[in-house]
Amino acid sequence: MSQHLHLEAEILDLRTTHPFVIARGGQSDDRTIWVRLRDRDGLEGWGEAAASRYYGETPESVLSALNVYVSGMPTDPFDLEDTERRWVTTLGRNAAARAALSAALHDLVGKRLGVPLYRLWGLDPAKAPRSTFTIGLDTDERIRAKVHEAVEYPILKVKLGTDRDRRILETIREATDKELRVDANGGWTVKRAIRMLPLLEEFNVTVLEQPLPPSDLEGLAAVTRHARMPVIADESCLTVEDIPPLVGKVDGINIKLAKCGSLREALRMVAVARAHGMLVMVGCMIESSLGITAAAHLTPLVDLVDLDGAALLSNDPFVGATIAGGHVALPEGPGLGVRAR
Ligand code: MG
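Residues numbered from 1 in each chain as written. Predicted model: local features only at pLDDT ≥ 70, side-chain atom pairs only at ≥ 80, totals over all residues. Heavy atoms only, no water.

## Observations concerning the overall build of the chain
Point 1. A tally of regular secondary structure across the chain gives 12 helices and 15 strands.
Point 2. For 341 residues, the compact-globule estimate of 2.2 N^0.38 gives 20 Å, and the chain sits close to it at 19 Å.
Point 3. Considered along the principal axes of its C-alpha atoms, the chain spans approximately 65 × 40 × 35 Å.
Point 4. Taken across its 341 residues, the chain has 57% of its residues classed as buried.
Point 5. Long-range contacts, defined here as pairs at least 24 residues apart, represent 68% of the contacts in the chain between residues at least 6 apart.
Point 6. A total accessible area of about 13,900 Å² is found for the chain, and carbon and sulfur atoms account for 51% of it.
Point 7. Taking the average location of the 40 positive side-chain charges in the chain and that of its 47 negative ones, the two points are 2 Å from each other. (Helix = DSSP H or I, 4+ residues; strand = E, 2+ residues; numbered from the N terminus. Rg over C-alpha atoms; globule rule 2.2 N^0.38 Å. Buried < 20%, exposed > 50% of the residue type's maximum accessible area, 1.4 Å probe, protein only. Contact = heavy atoms within 4.5 Å. Areas by Shrake-Rupley, 256 points an atom, 1.4 Å probe, with all protein chains shown as cover. Lys, Arg positive; Asp, Glu negative; His and termini not counted. Charge placed at Lys NZ, Arg CZ, Asp CG, Glu CD.)

## Thoughts on the sheet that holds strand β5 (residues 44–49)
Point 1. Read across the open sheet, the 3 strands follow the order β1-β4-β5; overall the sheet is antiparallel. Two strands in the sheet have a free side with no partner beyond their single neighbour: β1 (6–13) and β5. Averaged over neighbouring strand pairs, the angle between their axes works out to 20° when direction is ignored.
Point 2. Relative to β5, strand β4 (residues 31–38) runs antiparallel, the two being bridged by 6 bridges. Residue Val35 lies in a different strand from β5, and its bridge partner there is Gly47.
Point 3. Contacting β1, β4 and β5, helix α1 (residues 59–69) crosses the sheet at an angle of about 20° to β4.
Point 4. The strands touched by helix α3 (residues 95–113) are β1, β4 and β5; relative to β5, the strand with the most contacts, the crossing angle is about 155°. (Pairing = 2+ DSSP bridges. Axes fitted to C-alpha atoms, helices over the stretch in contact; angles between N-to-C directions.)

## Thoughts on empty space enclosed by the protein
The gaps of empty space that remain are located by a probe, the size of a water molecule, rolled over the atoms.
Point 1. Following the criterion strictly, the structure yields 3 cavities of 30 Å³ or more and no others.
Point 2. Taken as a whole, the largest cavity holds about 130 Å³ of empty space.
Point 3. If you trace the largest cavity, you find 20 residues lining it, with Glu48, Leu257, Ala258, Glu287 and Gly291 closest to the centre.
Point 4. Of all the secondary structure elements, the ones that give two or more residues to the lining of the largest cavity are β5, α3, α10 (257–260) and α12 (289–296).
Point 5. The biggest single contributor to the lining of the largest cavity is α12, with 5 residues.
Point 6. Of the residues belonging to the lining of the largest cavity, the class tally is 14 nonpolar, 3 polar and 3 charged.
Point 7. Built from parts of two domains, the lining of the largest cavity gets at least three residues from each of domain 1 (6–114) and domain 2 (119–340).
Point 8. Its residues assigned to classes, the lining of the second largest cavity comprises 3 nonpolar, 1 polar and 4 charged. (1 Å grid on protein atoms, 1.4 Å probe; cavity = no way out; pocket = protein on both sides within 12 Å on 5 of 7 lines; lining within 4 Å. Points joined across faces, edges and corners; volume = space filled by probe spheres on them. Nonpolar A, V, L, I, M, F, W, Y, C, P; charged D, E, K, R; others polar. Domains from an automatic or database assignment.)

## Overview of the environment of Val109
Point 1. Relative to the helices and strands, Val109 is located in helix α3.
Point 2. Take Val109: its relative accessible area is 3%, and that puts it in the buried class.
Point 3. In this structure, the C-alpha to C-alpha distance between Val109 and Asp76, residues 33 residues apart in sequence, is 9.4 Å.

## A short note on the domain arrangement of the chain
Point 1. The domains assigned to the chain are domain 1 (6–114) and domain 2 (119–340).
Point 2. Across the contact, 41 residues belong to domain 1 and 47 residues belong to domain 2.
Point 3. In this assembly, domain 1 packs against domain 2 so that about 3,500 Å² is buried in total across both faces, 62% of it on carbon and sulfur atoms.
Point 4. The closest approach of N and O atoms between Arg24 and Glu235, which form a salt bridge, is 3.0 Å.
Point 5. There are 14 residue pairs in polar contact (both at pLDDT 80 or more) connecting domain 1 and domain 2.
Point 6. Of all the elements, α3 adds the most residues to the side of domain 1 that touches domain 2, at 12 residues.
Point 7. A class-by-class count of the residues in the side of domain 1 that touches domain 2 yields 19 nonpolar, 11 polar and 11 charged. (Buried area = accessible area lost by both parts, 1.4 Å probe. Salt bridge = Lys/Arg side-chain N within 4 Å of Asp/Glu carboxyl O. Polar contact = N/O pair within 3.5 Å; in protein donor to acceptor, adjacent residues only side chain to side chain.)

Right, dumping it as structure tokens:
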């Protein structure tokens, strides 16, 4: 008799080395959910849900969503397409919860076949671009210290979207001549963004992420027209359906599993963005090496990588993909290739 996969979930208490602050405030909750799917042979697939209040989820909402999903577990982990479609119908708004289940299913499939996920997808891990390391909002002094601590990372991502953006950029530029990318997390107006562009150019900023609030697509188009560096949509682009309205308005999109809700949806986003000649970035939330590794398997397909979520932690419970020196190193074990530390 066929048997449904057994689901278990528990809260992970993560700690960041420094408080992590961006334009819309500090991260108040560094708890994520560890999801395990077990088959009748005792093999387990793992995934992580990085719930974000901004996108309407909390660790508690993930746990209650998973309670609903318990009844929707497949009997066959290879039944990926129908299973994920069913999950979208059951609880479409719980993207982080679905992303954890999706990662766990893919992990289980890889383990059943004895191959790493990137091999299953036919990808060459050597093709992964280097990852940025993020410098969150802070005092000048602490920003300088963070730049120092990030000495091994070749590309820094600078969080802006405050009334002291010029000072932050100056502080970082005084401390390093590394490549800088900027993420305003929707913190600017069109006028402000266009006024910031010459400054960004002066400081050799190579990428500008989400300068404006998510719904201001016409504003994004105006910024992109004025900008010499590529403009990437993050908060404006959650799922594949958000891409067509962004065509011609931004240069690229930032895919995160906690926004799009599944590894298969992430692959669809890569395909659709490519069809429109857009740049593709893969990013993350504050999450452990478990969630980071699921996203890291996509890196050979993308142009820009920002997978520093676990590198910002002081108590990562897992060992998986790493970004030491900015170099994305994928584990060689089957499935996601993640193990407990
Ligand atoms: Mg971003």
